[in-house]
Amino acid sequence: MSFEYLVDPARGPQWAGVLPGRPVPYVLRRGEGEHAMLFRDVFTVLLSGDETENQFGVVVSDSPAGDVIPTHAHNATHETFYVIEGTVRLFFEDAERQKQSQLLRAGDFGFVPAGFAHAYQIVEHARIMGTLSGGFERFFQHMGTPTDSAGPDQPPFVPDPPRMQAAAQQHDMRFLPDHTWPDA
């Protein structure tokens, strides 16, 4: 048995074209944007590098409580974590490369610059807004699968290792499977 994440797979995602693809003013309503399912999380691109001349992108994730997102580092991407609702534990290396763990609740903010190892765990169902260096917002679509639903009430999409590695290479990041964290 298979599950279709798109209403009409032959036509592609219903959200195709919702972002203008160039720097012009626009508005999205709650639930709008480009959705991708990755594991049990729905990632929605609200603003891409196409609209900002590749300066930055904005993504919102709707994530159930669960496992630690694998430790990784971005070679050229800065990443923010603004918790809209829920609770998230952010694991990161500080400026002295010491391992840190901080619990973020609604209204809290975290920043991880390029080159720093980090991971996170959704402790309590959360919505997180992230601002990323331009172009990286497409990572979630490349590693995950497009979906027409903005809600998490879908089966998980688990990418195979070659797909994960290809997405990581395309977006200049590396997974660090041997990296461990306190409190993980």
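Residues numbered from 1 in each chain as written. Predicted model: local features only at pLDDT ≥ 70, side-chain atom pairs only at ≥ 80, totals over all residues. Heavy atoms only, no water.

Trainee: Help me understand the nonpolar core in this model?
Mentor: One recurring pattern in soluble globular proteins: nonpolar side chains tend to sit buried together. Formed by 26 residues in total, the largest nonpolar core has its most connected members in Phe 81, Val 88, Leu 90, Tyr 120, Ile 128, Phe 139 and Phe 140. Breaking this core down by element, the ones donating at least two residues are β2 (41-47), β5 (79-93), β8 (118-133), α1 (139-143) and α2 (161-170). (Core = buried A, V, L, I, M, F, W, Y, C linked by side-chain atoms within 4.5 Å. Buried < 20%, exposed > 50% of the residue type's maximum accessible area, 1.4 Å probe, protein only. Helix = DSSP H or I, 4+ residues; strand = E, 2+ residues; numbered from the N terminus.)

Trainee: It is not clear to me how the environment of Asp 178 should be interpreted in this structure. Could you clarify?
Mentor: Locating Asp 178 in the fold gives a position in the segment after β10 (173-175). Taking the C-alpha atoms as reference points, Asp 178 and Gln 14, 164 residues apart in sequence, are found 39 Å from one another.

Trainee: Help me out: how do you make sense of unusual backbone geometry in this one?
Mentor: The bulk of non-glycine residues show a negative phi, and the bulk of peptide bonds are trans. Residue Phe 39 is not a glycine yet carries a positive backbone phi of 60°. With respect to the helices, strands and loops of the structure, Phe 39 is situated in the loop between β1 (34-38) and β2. Of note in the backbone geometry, Glu 53 takes a positive phi value of approximately 55° without being a glycine. Mapped onto the elements of the fold, Glu 53 is located in the loop between β2 and β3 (56-63).

Trainee: Quick question: what am I supposed to make of the layout of surface pockets here?
Mentor: If a probe as big as a water molecule is rolled over the atoms, it shows which places are left empty. Considered as a void within the structure, the largest pocket measures approximately 300 Å³ in volume. Taken together, 16 residues line the largest pocket, and the ones lying closest to its centre are Arg 30, Gly 31, Leu 46, Val 60 and Arg 127. Going through the elements one at a time, β2, β3 and β8 are the ones with two or more residues in the lining of the largest pocket. Grouping the constituent residues of the lining of the largest pocket by class yields seven nonpolar, four polar and five charged. Roughly 210 Å³ of internal volume is contained in the second largest pocket. In terms of lining, the second largest pocket is formed by Phe 39, Arg 40, Asp 41, Pro 64, Gly 66, Asp 67, Val 68, Ile 69, Pro 70 and Ile 122. A per-element tally of the lining of the second largest pocket places strand β4 (residues 68-74) first, with three residues. Residues belonging to the lining of the second largest pocket are distributed by class as follows: six nonpolar, one polar and three charged. (1 Å grid on protein atoms, 1.4 Å probe; cavity = no way out; pocket = protein on both sides within 12 Å on 5 of 7 lines; lining within 4 Å. Points joined across faces, edges and corners; volume = space filled by probe spheres on them. Nonpolar A, V, L, I, M, F, W, Y, C, P; charged D, E, K, R; others polar.)

Trainee: Help me understand empty space enclosed by the protein, please; the structure alone is not making it clear to me.
Mentor: A complete count under the given rule lists one cavity of 30 Å³ or more for this structure. Breaking the lining of the largest cavity down by element, the ones donating at least two residues are β2, β3, β4, β5, β8, α1 and β10.

Trainee: What exactly am I supposed to notice about α2 here?
Mentor: In an α-helix, one full turn covers 3.6 residues, which means residues spaced three or four apart are oriented alike. Taken as a whole, α2 has its buried residues at Met 164, Ala 167 and Ala 168. Down the axis of α2, the buried set is contained in an arc of 100°. They therefore lie on one face. Exposed and oriented more than 90 degrees from the buried face of α2 are Pro 162, Gln 169 and Gln 170. For α2, the N-terminal cap is Asp 160; the gap from its side-chain oxygen to the backbone nitrogen of Arg 163 is 2.9 Å. At the C-terminal side of α2, Asp 172 shows a positive phi close to 55°. (Arc of directions from axis to C-beta. Polar contact = N/O pair within 3.5 Å; in protein donor to acceptor, adjacent residues only side chain to side chain.)

Trainee: Which parts of the structure should I look at to understand the packing of aromatic side chains?
Mentor: Note on aromatic pairs: each is described by the distance of the centres and the angle between the planes. Scanning the entire structure with this criterion turns up seven aromatic pairs. Seen from their ring centres, Phe 81 and Tyr 120 are 5.4 Å apart, and the 65° between their planes marks the pair as edge-to-face. Here Phe 81, found in strand β5, pairs with Tyr 120, found in strand β8; they are 39 residues apart in sequence, far enough to count as distant. Both residues of the pair, Phe 81 and Tyr 120, count as buried. Taken together, a centroid distance of 6.1 Å and an interplanar angle of 85° make the contact between Phe 136 and Phe 140 edge-to-face. You'll find Phe 136 and Phe 140 in the same group, each marked buried. Through pairs of rings, three or more aromatic residues link up here, namely Phe 43, Phe 136, Phe 139 and Phe 140. Taking the ring centre of Phe 116 as reference, the NZ or CZ of Arg 97 above it sits at 4.0 Å. (Phe/Tyr/Trp six-rings, centres within 6.5 Å; stacked < 30°, edge-to-face > 60°. Lys NZ or Arg CZ within 6 Å of the ring centre and 35° of its normal.)

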